[in-house]
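What the coordinates show
Each chain is listed here by its residues.
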Amino acid sequence: MAASSLWPYRCPASHEYMSAVIRRRSTNTRDVREVVLDDLDLSFVRKILDLGCGFGFMAGPLAARVAEDARFIGVDAWAANEASFLQKIADHGRSGIFECKCIETELPWPDGSFDLVVCSYSLYFFVDIIPEIARVLTPDGLFLAITHSEAKVVDGLPDAGLGHVASGLLALIQRFSAENGRDCLSRSFGEIVRIDYANSLRFAREHEDELMTYLRFKLPFLVPGSTPEDDLPADLLRFVETLMSQNGEVIVDKSDAAFRCRRPQCH
Ligand SMILES: C[S@@+](CC[C@H](N)C(=O)[O-])C[C@H]1O[C@@H](n2cnc3c(N)ncnc32)[C@H](O)[C@@H]1O
């Protein structure tokens, strides 16, 4: 994975702002984390591993649901995420540690170390780690993964003059997507439940600033080698303006799915 693809996540404040924009512009009135977590009893969970934890988007709501003495380990490639990750769990009276590490194919913990492992919008960056996740889970442990649907992820890119990057973006999502997630997980887990989260983002004319911030955040995925500080491509800006003029809004598909996995197969 090109390092520039991880660039958007190096600054927890802008990543968190982006998450807030996504929530504000979502047509699904329920937060994806509510949908994934609300009917789960996590009171048995005392040891949690959050892989690709970022600023703690999932760790916060999880911390509110796990055992009072639960301990978190958050792992992310960007050290800057440490303070916000630890703060998100401290907000709910839980504690833990952060490890700055590039996840590849192995995890450094003994078998059966965790009651819960979570990969929230991160497993497609390091999908070869799935057997290791099963290994570090306790036999009754739970693995939660949230990912994107590949169905419409590149819709519109050719019209926006970005057809040449569609295959690269799709290839990233296809490493672990709503569509193929079950197949990826099936060798390592005996029970897999998929939960669909239908959603799209609607940016009306008055939300154009947020749309530009969203597109800039995604720029390293759209224009390989670029950073969110670079200018947006002229073709893309023209395409956005055409949609705004014709429809009064821009709609971006943001359908996701979660997988709840039990019975890790290495035990
Ligand atoms: C889309 S963000 C998701 C962050 C967080 N889990 C959330 O739900 O908001 C992906 C995260 O995975 C991290 N990441 C990607 N590849 C990684 C790797 N190989 N090792 C460690 N962290 C990685 C990125 O730095 C980023 O914080």
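Let me sum up the structure you'll find in this document. Quick caveat: nothing in here was measured; it's all calculated off a predicted structure. (Residues numbered from 1 in each chain as written. Predicted model: local features only at pLDDT ≥ 70, side-chain atom pairs only at ≥ 80, totals over all residues. Heavy atoms only, no water.)

To continue, consider the packing of aromatic side chains. All told, the structure shown has twelve aromatic pairs when counted by the stated rule. Ring centres 5.9 Å apart and planes at 70° place the aromatic pair Tyr-9 and Phe-217 in the edge-to-face group. Taken together, the positions of Tyr-9 in the segment before helix H1 (12-25) and Phe-217 in helix H8 (residues 208-222) put the pair 208 residues apart, joining distant regions of the chain. Where Phe-143 meets Phe-189, the ring centres are 5.7 Å apart and the plane angle is 20°; that geometry is what we call stacked. In this pair, Phe-143 is assigned in strand E5 (residues 137-148) and Phe-189 in strand E6 (residues 189-197), connecting sequence segments 46 residues apart. A residue is classified by how much of its surface remains accessible, and Phe-143, at 0% relative accessible area, is buried. An aromatic cluster of three or more residues is present, and its members are Tyr-9, Tyr-124, Phe-125, Phe-217 and Phe-221. When the ring centre of Phe-57 is taken as reference, the NZ or CZ atom of Arg-33 above it lies at 3.9 Å. (Phe/Tyr/Trp six-rings, centres within 6.5 Å; stacked < 30°, edge-to-face > 60°. Helix = DSSP H or I, 4+ residues; strand = E, 2+ residues; numbered from the N terminus. Buried < 20%, exposed > 50% of the residue type's maximum accessible area, 1.4 Å probe, protein only. Lys NZ or Arg CZ within 6 Å of the ring centre and 35° of its normal.)

What follows deals with the site of the ligand. Close contacts around the ligand come from 18 residues, with Gly-52, Asp-76, Ala-77, Ile-103 and Ser-120 the closest. Within the contact set of the ligand, a nitrogen atom lies 3.1 Å away from a backbone nitrogen or oxygen of Ala-77. Take Ser-120: an N or O atom from its side chain is 2.5 Å from an oxygen atom of the ligand. Looking at side-chain class alone, the shell around the ligand contains eleven nonpolar, five polar and two charged residues. (Near = heavy atom within 4 Å. Polar contact = N/O pair within 3.5 Å; in protein donor to acceptor, adjacent residues only side chain to side chain. Nonpolar A, V, L, I, M, F, W, Y, C, P; charged D, E, K, R; others polar.)

With that settled, the discussion passes to unusual backbone geometry. The backbone of Tyr-121 shows a phi angle near 55°, a positive value even though the residue is not glycine. Along the polypeptide, Tyr-121 turns up in the loop between strand E4 (114-120) and helix H5 (130-136). A positive phi angle, near 55°, is found at Arg-263, a position not held by glycine. Inspection of the secondary structure puts Arg-263 in strand E9 (residues 256-264). Classification of Arg-263 as partly exposed rests on a relative accessible area of 48%.

With that settled, consider the packing of H8 against helix H9 (residues 234-247). A pair of packed helices is characterised by two quantities: the angle between their axes and the separation of those axes. Between H8 and H9, the least distance of the axes is 12 Å, while the angle of their chain directions is 145°. Two packed elements cross with a definite hand, and for H8 against H9 that hand is right-handed. On H9, the residues that touch Glu-208, Leu-211, Met-212, Leu-215 and Leu-222 of H8 are Leu-236, Leu-237, Val-240, Glu-241 and Met-244. Within the contact of H8 with H9, the residues separate by chemical class into eight nonpolar, no polar and two charged. (Axes fitted to C-alpha atoms, helices over the stretch in contact; angles between N-to-C directions. Left-handed = near helix turned anticlockwise from the far one by under 90°. Contact = heavy atoms within 4.5 Å.)

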